[in-house]
Amino acid sequence: MAFLVIAYGLPLAFRLPMVKDHLSSSVISVDVEDDLKTVAQLLSRNRITGAPVVEDGTVIGILSRNDLLRAICTVPTDASDQAKEESLDKIRGTKVWKVCQDIGKPLSILPEASLLEATKLMTERKFNRLMVKGQYSSMLGIISSTDTVFSLLGCDAASARGIDTSLHKFGNLPSGTRDSSEDAESSAQVRGRGRRPV
């Protein structure tokens, strides 16, 4: 029986997952004139790390958590507490269009592209999400690095529920302080276990 062959010469039965199968079509968006405090509240409420930026109903970019981090990092660490708070307050009121590096040049990918292609594009361009657009259509949704990583490494909701997390917990951090000699001895033991025999 002949296999139907697709890109890369792989049989259809073994084709790589495609973007269209994993995109999020129900997307939270932010307005280009929203302030960063509002945006942070929106991202926190929806447990997401980025969102499309909309102006007059048109997507003009994608805001990421890295954009917010870059804005926060402009606060001088050696300033007084009052100066830091004043700087942070100013940042909270900053508009999206002032910090989003993707404005006017949103990175997009076709729905028929493979997740491997999407992952490579995000890595090369240092983006965590891409707009998914058809060749002659408007935005269909968003694909994120979380979507691509989990899918390509074989993690779906059902398999994730089957993981016994008790085997992977670090445990409670010790309360109070320990004697420095105990810390040194413990560190030496850990380092010793990590060495390879010569």
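See the structure above.
Residues numbered from 1 in each chain as written. Predicted model: local features only at pLDDT ≥ 70, side-chain atom pairs only at ≥ 80, totals over all residues. Heavy atoms only, no water.

Looking at this structure, how should I read the overall build of the protein?
A count of helical and extended segments in the protein gives 8 helices and 6 strands. Taken from the N to the C terminus, the helices and strands of the protein come in the order β-α-β-β-α-α-α-β-α-β-β-α-α-α. Counting over 198 residues, the protein shows a buried share of 24%. When the accessible area of the protein is evaluated, it comes to approximately 14300 Å², of which 54% is carbon and sulfur surface. (Helix = DSSP H or I, 4+ residues; strand = E, 2+ residues; numbered from the N terminus. Buried < 20%, exposed > 50% of the residue type's maximum accessible area, 1.4 Å probe, protein only. Areas by Shrake-Rupley, 256 points an atom, 1.4 Å probe, with all protein chains shown as cover.)

Help me understand helix α1 (residues 36-46) in this model?
For the α-helix, the turn length of 3.6 residues means that residues three or four positions removed from each other point alike. Along α1, the residues that are buried comprise Leu 36, Val 39 and Leu 43. Viewed end-on, α1 has its buried residues packed into an arc of 55 degrees, placing them on one side of the element. Exposed residues pointing more than 90 degrees away from the buried face of α1 are listed as Ser 44 and Arg 45. Buried positions along α1 lie against β1 (30-31), β2 (50-55), β3 (58-64), α2 (65-72), α3 (81-92) and α4 (96-99). Measuring from the backbone nitrogen of Lys 37 back to the side-chain oxygen at the start of α1 gives 3.1 Å, which picks out Asp 35 as the cap. Trailing α1 by a residue or two, Arg 47 shows a phi angle of about 55 degrees, which is positive. (Arc of directions from axis to C-beta. Contact = heavy atoms within 4.5 Å. Polar contact = N/O pair within 3.5 Å; in protein donor to acceptor, adjacent residues only side chain to side chain.)

What's the story with the pattern of salt bridges in this structure? I'm lost.
Two side chains with opposite charge may pair up if their charged atoms get near one another. A complete count under the given rule lists 3 salt bridges for this structure. Of the charged contacts, one joins Arg 70 and Asp 67 as a salt bridge, the two residues approaching to 2.5 Å between their closest N and O atoms. With a gap of 3 residues between them, Arg 70 and Asp 67 both fall in helix α2, about one helical turn apart. Take Arg 70: its relative accessible area is 37%, and that puts it in the partly exposed class. In this structure, the salt-bridge partner of Arg 92 is Glu 85, at a minimum N-O distance of 2.9 Å. Owing to a relative accessible area of 42%, Glu 85 belongs among the partly exposed residues under this scheme. (Salt bridge = Lys/Arg side-chain N within 4 Å of Asp/Glu carboxyl O.)

Even after reading the chapter, I still don't get the layout of surface pockets, so can you show me in this structure?
Left-over empty space is what a probe sized like a water molecule reveals as it rolls over the atoms. Considering only enclosed or pocket space, the largest pocket measures out at about 310 Å³ in volume. In terms of lining, the largest pocket is formed by 16 residues, of which the most central are Ser 24, Ile 48, Gly 50, Ile 142 and Ser 144. If you list the elements that add at least two residues to the lining of the largest pocket, you get β2, β6 (139-144) and α6 (145-152). Partitioning the lining of the largest pocket into residue classes produces 7 nonpolar, 6 polar and 3 charged. (1 Å grid on protein atoms, 1.4 Å probe; cavity = no way out; pocket = protein on both sides within 12 Å on 5 of 7 lines; lining within 4 Å. Points joined across faces, edges and corners; volume = space filled by probe spheres on them. Nonpolar A, V, L, I, M, F, W, Y, C, P; charged D, E, K, R; others polar.)

Sorry if this is basic, but what is going on with the side chain of Ser 114 here?
With respect to the element layout, Ser 114 can be found in the loop between β4 (108-109) and α5 (115-125). Accessibility expressed as a relative area gives 6% for Ser 114, which makes it buried. Leaving out residues up to four positions away in the same chain, Ser 114 has contacts with Leu 16, Pro 17, Met 18 and Val 19.

Can you walk me through the sheet that holds strand β5 (residues 129-133) in this structure?
Within a sheet, each strand pairs with its neighbour through backbone hydrogen bonds, oriented either parallel or antiparallel. The sheet built from 3 strands is open, its strands ordered β4-β5-β6 with mixed pairing. Each edge of the open sheet carries a strand with a single partner, namely β4 and β6. The pairing of β5 with β6 spans 5 bridges and is classified as antiparallel. Bridging from a neighbouring strand, Arg 129 pairs with Ser 144 of β6. (Pairing = 2+ DSSP bridges.)

Is there a simple way to think about the sheet that holds β2 in this case?
Here 3 strands make up an open sheet; going across it, the order is β1-β2-β3 and the pairing mixed. Both edges of this open sheet fall to β1 and β3, since each of them pairs with a single strand only. Where β2 meets β3, 6 bridges bridge the pair, whose relative direction is antiparallel. Looking at the pairing, Glu 55 lines up with Thr 58 of β3.

None of this, on its own, says anything about what the molecule does.
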